[in-house]
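Structural overview
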Amino acid sequence: MKTAGSKPPLSPPRWLLAELTYRCPLQCPYCSNPVDFARHEEELSTEDWKRVLTQAREMGAVQLGFSGGEPLTRRDLEELVAHARRLGYYSNLITSGYGLTEARIAALKEAGLDHIQVSIQAPEKDLSDFLAGTESFEHKKQVARWVKEQGYPMVLCVVIHRHNIEQMEGILEMAIELGADYLELANTQYYGWAHLNRVQLMPTRAQFERAEAIAQSYKEKLKGKMKIYYVIPDFYEDRPKACMNGWGTTFLTIAPDGAALPCHSARELPIDEFPNVRQMSVREIWEESEIFNRFRGFDWMPEPCRSCDEKHKDYGGCRCQAYLLTGDMNATDPVCAKSPNRRLIDQAIAEADSPPEAPLIFRNLRASRQLRGG
Ligand code: FES
């Protein structure tokens with residue numbers, strides 16, 4: 001264990017998120033990828049990824065997520081999974097399932113993959129295909145069945161927002177029909193494309209409360225059969241979430257081009273350059289880079305966080321949310337009722353009752369180039 005100045009002892013990264021690519025055949029408007037992903041297309045090679053996996057494991061990383069974009073678009077996925085298995089990771093594939101075949105699921109199993117999480121947009125074909133921007137609903141359901149048949153735990157993820165929140169019952173029934181062992185009901189977190197589309201995605205408080213009550217009743221009913229995780233949207237809380245379990249304490253994300261990020265959304269912060277695994281080792285990045293040290297501990301905190309007796313619980317909330325809402329990444333997360341900027345959250349909640357008319361902006365390369373000049 002190392003210490004960094006007056007900061008608490010530094011633990012190694014336990015959770016490594018390998019964003020293998022920003023390429024994705026779907027176009028979900030709630031994607032958390034950065035809006036300017038088109039500017040970062042140059043992907044790491046297989047050898048680069050193997051080196052990163054090895055270095056992080058040597059430091060103590062145990063959980064590994066392969067995500068993206070759509071990680072299935074990488075032809076070397078099986079090779080990377082096999083490498084992770086040799087290193088002793090518990091590996092998760094976080095996928096839309098689009099394009100996944102029975103044979104590839106078997107090949108991934110053979111390579112040593114532990115866990116597949118399949119996401120479906122909605123319990124009805126038309127809405128699901130609309131949100132995905134691609135006809136994919138029936139295939140995704142088939143993929144979920146294959147995953148189960150091949151002996152993986154069936155982990156289903158549905159991102160919740162204004163367009164599907166009224167179908168909470170349908171979502172839960174779909175999970176039962178597919179034999180899900182775990183269901184993650186992930187209320188949209190407003191980063192990346194989801195931030196761009198926030199007014200069109202954010203449910204009202206009444207919708208949120210109704211949906212939560214339905215999820216809770218199924219939770220009771222399905223006890224021992226299906227585990228349901230209901231990820232609460234923190235806009236409707238009065239204390240912020242302990243984002244990433246504290247900046248630079250647990251999570252390390254490596255973006256497709258090798259940028260090392262303390263969270264999957266950090267690329268949207270006004271930081272000129274993130275350390276990159278092409279130039280630095282994972283250890284150097286984690287222990288010595290200025291970015292990873294910037295929000296560690298409590299010294300960086302403004303008031304009211306600095307003297308708050310809950311700062312050990314929430315670490316000042318989320319830096320990305322603070323920046324996206326206030327323009328200042330050092331600010332107290334505005335979700336906190338003690339924040340001088342809480343009115344921004346209250347305004348967003350009020351706006352959800354009568355959102356302005358605006359089309360959803362789907363996540364794709366063309367839109368990324370237009371919006372951020374990629
Ligand atoms: Fe980046 Fe919370 S998502 S710090």
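Treat the numbers as computed from the prediction; the structure is a model and nothing was measured. (Residues numbered from 1 in each chain as written. Predicted model: local features only at pLDDT ≥ 70, side-chain atom pairs only at ≥ 80, totals over all residues.)

**Description of the overall build of the protein chain**
A tally of helices and strands in the protein chain yields 15 helices and 11 strands. What you see for the protein chain is a C-alpha radius of gyration of 20 Å, in line with the 21 Å of a compact globule of 374 residues. When burial is assessed residue by residue, the protein chain has 46% of its 374 residues classed as buried. Taking contacts inside the protein chain between residues at least 6 apart in sequence as the whole, the part at least 24 apart equals 73%. (Helix = DSSP H or I, 4+ residues; strand = E, 2+ residues; numbered from the N terminus. Rg over C-alpha atoms; globule rule 2.2 N^0.38 Å. Buried ≥ 20, exposed ≤ 12 C-beta atoms within 10 Å, placed from the backbone. Contact = placed C-beta atoms within 7 Å.)

**Focus on the pairing of strand E10 (residues 251–254)**
Burial along E10 is two-sided: the residues Phe251 and Thr253 and Leu252 and Ile254 are all buried. Note: strand E3 (residues 15–19) against E10, 4 bridges, orientation parallel. Looking at E10, one finds that Trp15 is bridged to Phe251. Where E10 and strand E11 (residues 260–261) come together, 2 bridges link them in antiparallel fashion. The residue of E11 that forms the bridge with Ile254 is Ala260. (Pairing = 2+ DSSP bridges.)

**A short note on the environment of Ser96**
Its place among the elements puts Ser96 in the loop between strand E5 (90–95) and helix H3 (102–111). A count of 26 C-beta atoms within 10 Å places Ser96 in the buried class. When residues no more than four places from it in sequence are discounted, the contact partners of Ser96 are Leu26, Glu70 and Ser119.

**What to know about the UniProt feature "binding site: [4Fe-4S] cluster" (unreviewed entry) in the protein chain**
Mapped onto the present numbering, the UniProt feature "binding site: [4Fe-4S] cluster" (unreviewed entry) falls on Cys24, Cys28 and Cys31. Looking at the secondary structure, you find Cys28 in the loop between E3 and helix H1 (46–59). Those residues in contact with Cys28 that sit more than four places away from it in its chain are Gln121, Leu131, Ala132 and Arg363. Within the fold, Cys31 resides in the loop between E3 and H1. Taking the C-beta count within 10 Å as the criterion, Cys31 has 24 such neighbours and is therefore assigned buried. Dropping the residues within four chain positions of it, Cys31 is found in contact with Gly192, Trp193, Ala194 and Arg363. (UniProt positions renumbered as here; feature names shortened; annotations may be inferred.)

**Examining the nonpolar core**
Ranked by internal contacts, the top residues of the largest apolar core, which has 96 residues, are Ala18, Phe66, Val147, Met154, Leu156, Ala175 and Ala260. In terms of residues, this core owes the most to one element, strand E7 (residues 154–160), which gives 6 residues. (Core = buried A, V, L, I, M, F, W, Y, C linked by C-beta atoms within 7 Å.)

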